[in-house]
Amino acid sequence: MTGDASSVRSRLGRAQVSPDGKRSGKTRGERSRTPKPLSSAHSLSTERAGGRPPSPQLRRALSDRRELMAAARVRAQSPLMSARHLVSSSIGKLIAMALILAAACFLAGWYASLTLNSRTQILQDTVNHTEPLSESSQVLYSSLSIADAAANAAFISGGLEPPTLRKRYSDAIATASNALIIAASNSTGVTPTGNDDIPVDPVHTDLAVLATNVPVYTGIIETARTNNRLGNPVGSAYLGEASSLMQDTILPAAQRLYERRSAAIADPQRSLTQPPWAVYAVLALVLIALIFAARYLSRHTRRRFNIGILIATIAIVVGLTWLLVAGLMSVAATNDAKNNGADPLRELTQARIETQQARSAQTLSLVRRDQDSLEETYRKASDSIARTLTALKDERQNGAATSVSDELIQRAINAHNGWDQANSEINRLVAGGDFRGARSLLVGDTANSAARFYSELDMALVEAITSARTVFRDDINTAQRVMGFSGNGIWTLGIIAAVAIPIGLAPRVREYM
């Protein structure tokens with residue numbers, strides 16, 4: 001306001017000039033002894049006391065001064081100007097720093113907790129839900145194939161079937177029914193309703209096919225068995241109808257169900273075998289921000305450490321280290337579950353499915369007297385089994401597939417080779433017209449029979465599947481336990497850091513107040 005006061009004084013001086021343009025007749029000494037006005041209001045009252053009206057210059061000066069003072073008051077009362085001034089001040093920078101860093105620590109902990117708990121939930125669902133469903137689907141397919149092969153073998157025996165084949169068929173049907181109940185009770189989705197506007201879950205469609213046709217199949221088999229016991233040739237037609245229903249409708253639905261269940265295990269593993277890089281990056285950025293904040297405070301407050309920033313930095317470092325160790329251990333366990341558990345399990349399960357396919361084709365060939373097409377089916381399945389077993393043996397020699405022992409693999413290879421030789425002998429006997437000898441070699445209990453080698457191969461595959469499944473579940477459980485408390489623990493550390501930052505910066509803020 002200094003400039004305004006000097007302007008007023010200059011105008012007051014000019015106002016003392018006489019109307020004729022001459023200054024007052026007072027001497028220089030008298031003018032110097034005359035006191036200057038203390039303010040514009042005092043000057044105005046002085047003029048009024050002298051009986052003279054205020055000059056136009058004085059009125060204009062007073063008006064300008066009032067406008068300047070009013071503008072100053074408006075600027076002082078503007079929230080935007082006040083906020084801008086606060087942000088640009090030292091106290092404002094400290095407050096903004098405290099709020100931003102506290103929010104960053106809290107949000108980083110929350111994001112880490114959300115991501116890690118999601119991974120833990122996926123691992124838990126894999127062990128408790130997805131893997132048991134995949135196992136039940138595999139058991140369902142294998143049991144249905146075993147039942148079909150046993151029914152064909154019993155029919156080939158003629159008359160009253162052997163008790164072992166009857167028991168094998170009954171056990172297979174019972175196992176398949178139990179597996180079907182498990183698969184249906186643990187499924188979620190929309191069942192077929194006939195409404196085209198509602199999407200239908202393919203799994204439910206396959207389950208509906210199985211639940212509808214398996215009882216039909218068993219009914220036809222019982223009709224074929226009754227006619228076979230009575231010596232009626234129509235029994236062969238019933239058996240062919242039942243086998244066609246199994247091969248063309250029931251087993252394809254069971255295989256689709258198994259493939260979908262297996263894919264449900266494989267899909268999450270692709271993401272779980274990679275470390276949570278996004279969480280690493282977020283925590284690292286927060287740590288870098290805390291380090292820069294500590295350096296800023298050290299330069300501007302002349303203090304080496306701030307206790308709040310120091311506690312927050314230690315909390316974030318502990319959380320980052322915890323995540324690094326737990327994440328790498330979990331990823332290692334998940335990778336081991338995939339390489340030594342899931343991959344061998346999938347290959348062995350496929351080999352067992354192909355074993356049942358080969359046995360069904362082999363037994364059905366004598367029932368239908370159709371050697372060409374069924375022999376081709378057997379040969380494709382047998383060659384695939386041989387490739388799978390050879391690949392597993394090579395993986396074992398290279399240090400992979402450690403869940404399956406060399407002994408089990410060798411047992412399976414020997415049984416498969418013996419089965420292949422027995423099948424060649426059966427084909428030779430059939431080609432020579434010796435159906436009785438071929439039947440004895442196919443379903444007999446001799447040391448070199450196809451039934452004996454098939455049973456040994458199936459038992460070896462079942463043991464290998466059980467071993468691979470155990471390794472898979474153990475590794476997934478390990479990954480789940482390692483990652484289990486990481487999410488909530490890192491979030492707790494983030495909350496500690498978020499609380500410590502404003503507490504540590506509060507004394508520095510009070511220094512500027």
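The rules behind these values
- Residues numbered from 1 in each chain as written.
- Predicted model: local features only at pLDDT ≥ 70, side-chain atom pairs only at ≥ 80, totals over all residues.
- Heavy atoms only, no water.
- Helix = DSSP H or I, 4+ residues; strand = E, 2+ residues; numbered from the N terminus.
- Buried < 20%, exposed > 50% of the residue type's maximum accessible area, 1.4 Å probe, protein only.
- Contact = heavy atoms within 4.5 Å.
- Areas by Shrake-Rupley, 256 points an atom, 1.4 Å probe, with all protein chains shown as cover.
- Salt bridge = Lys/Arg side-chain N within 4 Å of Asp/Glu carboxyl O.
- Patch = residues over 30% accessible without salt bridge, like charges linked within 9 Å, V, L, I, M, F, W, Y side chains within 5 Å.
- Polar contact = N/O pair within 3.5 Å; in protein donor to acceptor, adjacent residues only side chain to side chain.
- Phe/Tyr/Trp six-rings, centres within 6.5 Å; stacked < 30°, edge-to-face > 60°.
- Core = buried A, V, L, I, M, F, W, Y, C linked by side-chain atoms within 4.5 Å.
- pLDDT = per-residue confidence, 0-100.
- Axes fitted to C-alpha atoms, helices over the stretch in contact; angles between N-to-C directions.
- Parallel < 35°, antiparallel > 145°, perpendicular 65-115°, else oblique.
- Left-handed = near helix turned anticlockwise from the far one by under 90°.
- Nonpolar A, V, L, I, M, F, W, Y, C, P; charged D, E, K, R; others polar.

### Concerning the overall build of the chain
In step 1: Along its length, the chain carries 16 helices and zero strands.
In step 2: Counting over 513 residues, the chain shows a buried share of 42%.
In step 3: In the chain, of all internal contacts separated by at least 6 residues, the share reaching a separation of at least 24 is 80%.
In step 4: Accessible area for the chain stands at about 26600 Å²; split by element, carbon and sulfur atoms hold 59% of it.

### Focus on the pattern of salt bridges
In step 1: Per the counting criterion, the structure on display carries 18 salt bridges.
In step 2: The salt bridge partner of glutamate 425 is arginine 428, with a shortest N-O separation of 2.3 Å. Of this pair, glutamate 425 and arginine 428 both sit in helix H13 (residues 406-431), three residues apart, which is roughly one turn of that helix.
In step 3: Note on glutamate 425: relative accessible area 29%, which makes it partly exposed.
In step 4: Residues joined by salt bridges that share partners form a network here, namely Glu375, Arg379, Asp383 and Asp420.

### A look at a nonpolar patch on the surface
In step 1: Together, Phe106, Leu107, Trp110, Leu114, Ile495, Val499 and Ile503 make up an exposed nonpolar region whose accessible area comes to about 670 Å².
In step 2: Of all the secondary structure elements, the ones that give two or more residues to the nonpolar patch are helix H6 (90-157) and helix H16 (486-510).
In step 3: Looking at the nonpolar patch element by element, the count peaks at four residues for H6.
In step 4: Mapped onto the elements of the fold, tryptophan 110 is located in helix H6.
In step 5: Its relative accessible area of 41% is what places tryptophan 110 among the partly exposed residues.

### Quick look at the side chain of glutamine 362
In step 1: Summarising the element assignment, glutamine 362 is placed in helix H11 (residues 307-368).
In step 2: A polar side-chain atom of glutamine 362 sits 3.1 Å from a polar atom in the side chain of arginine 359.

### Focus: the packing of aromatic side chains
In step 1: According to the stated counting rule, one finds four aromatic pairs in the structure shown.
In step 2: Judged by centre distance (5.6 Å) and plane angle (55 degrees), the ring pair of tryptophan 419 and tyrosine 454 falls under tilted. Placement of tryptophan 419 in helix H13 and of tyrosine 454 in helix H15 (residues 450-484) is noted, with a sequence separation of 35 residues between them.
In step 3: Classification of tryptophan 419 by relative accessible area gives buried; the value is 1%.

### Quick look at the nonpolar core
In step 1: Residues Leu144, Leu210 and Tyr217 are the most contacted members of the largest nonpolar core, which totals 76 residues.
In step 2: Examining the composition of this core, we find that 11 residues originate from one element, H6, more than from any other.
In step 3: Each residue touching tyrosine 217, except ones within four places of it in the same chain, is listed here: Ala147, Asp148, Ala151, Tyr169, Ala242, Ser243, Leu245, Met246 and Ile250.
In step 4: Counting 31 residues, the second-largest nonpolar core is a separate cluster that includes Leu283, Val286, Leu290 and Ala293.

### Details of the confidence of the model for the chain
In step 1: For the chain, the mean per-residue pLDDT works out to 80, and 80% of the residues sit at or above 70.
In step 2: Predicted confidence is poor over residues 190-194, with pLDDT under 50, and the contacts of this stretch with residues over four places away or in other chains come to 11 contacts.

### So, the environment of glutamate 241
In step 1: Relative to the elements of secondary structure, glutamate 241 occurs in helix H9 (residues 234-272).
In step 2: With relative accessibility at 46%, the residue glutamate 241 sits in the partly exposed group.
In step 3: Expressed as a C-alpha distance, the spacing of glutamate 241 and alanine 224, which sit 17 residues apart in the sequence, is 9.3 Å.

### As for the environment of alanine 224
In step 1: Its location among the elements puts alanine 224 in helix H8 (residues 202-230).
In step 2: On the basis of relative accessibility, which here comes to 2%, the residue alanine 224 falls in the buried class.
In step 3: Taking C-alpha positions, alanine 224 is 7.6 Å from valine 234, a pair spaced 10 residues apart along the chain.
In step 4: Aside from chain neighbours lying at most four places away, what touches alanine 224 is Phe155, Gly235, Tyr238 and Leu239.

### Let's talk about the side chain of threonine 388
In step 1: Within the secondary structure, threonine 388 sits in helix H12 (residues 371-397).
In step 2: Setting aside residues no more than four positions away along its own chain, threonine 388 makes contact with Glu347 and Ala351.

### As for the packing of H13 against H15
Helix-helix packing: each pair is described by the crossing angle between the helix axes and the interaxial distance.
In step 1: Viewed as axis vectors pointing N to C, H13 and H15 meet at an angle of 155 degrees, and their least axial separation amounts to 8 Å. When the axis of H13 is compared with that of H15, the two are roughly antiparallel. The element H13 and its partner H15 pack so that their crossing is left-handed. Residues Leu408, Arg411, Ala412, Ala415, His416, Gly418, Trp419, Ala422 and Ile426 of H13 form the contact with H15, whose participating residues are Ala450, Phe453, Tyr454, Glu456, Leu457, Ala460, Glu463 and Ala464.
In step 2: For the contact of H13 with H15, a count of residues per class yields 12 nonpolar, two polar and three charged.

### Structural notes on the packing of H11 against H15
In step 1: Closest axis-to-axis distance for the H11/H15 pair is 8 Å, and the angle between their directions is 160 degrees. The orientation of H11 relative to H15 falls into the category roughly antiparallel. Here H11 and H15 pass one another in a crossing that is left-handed.

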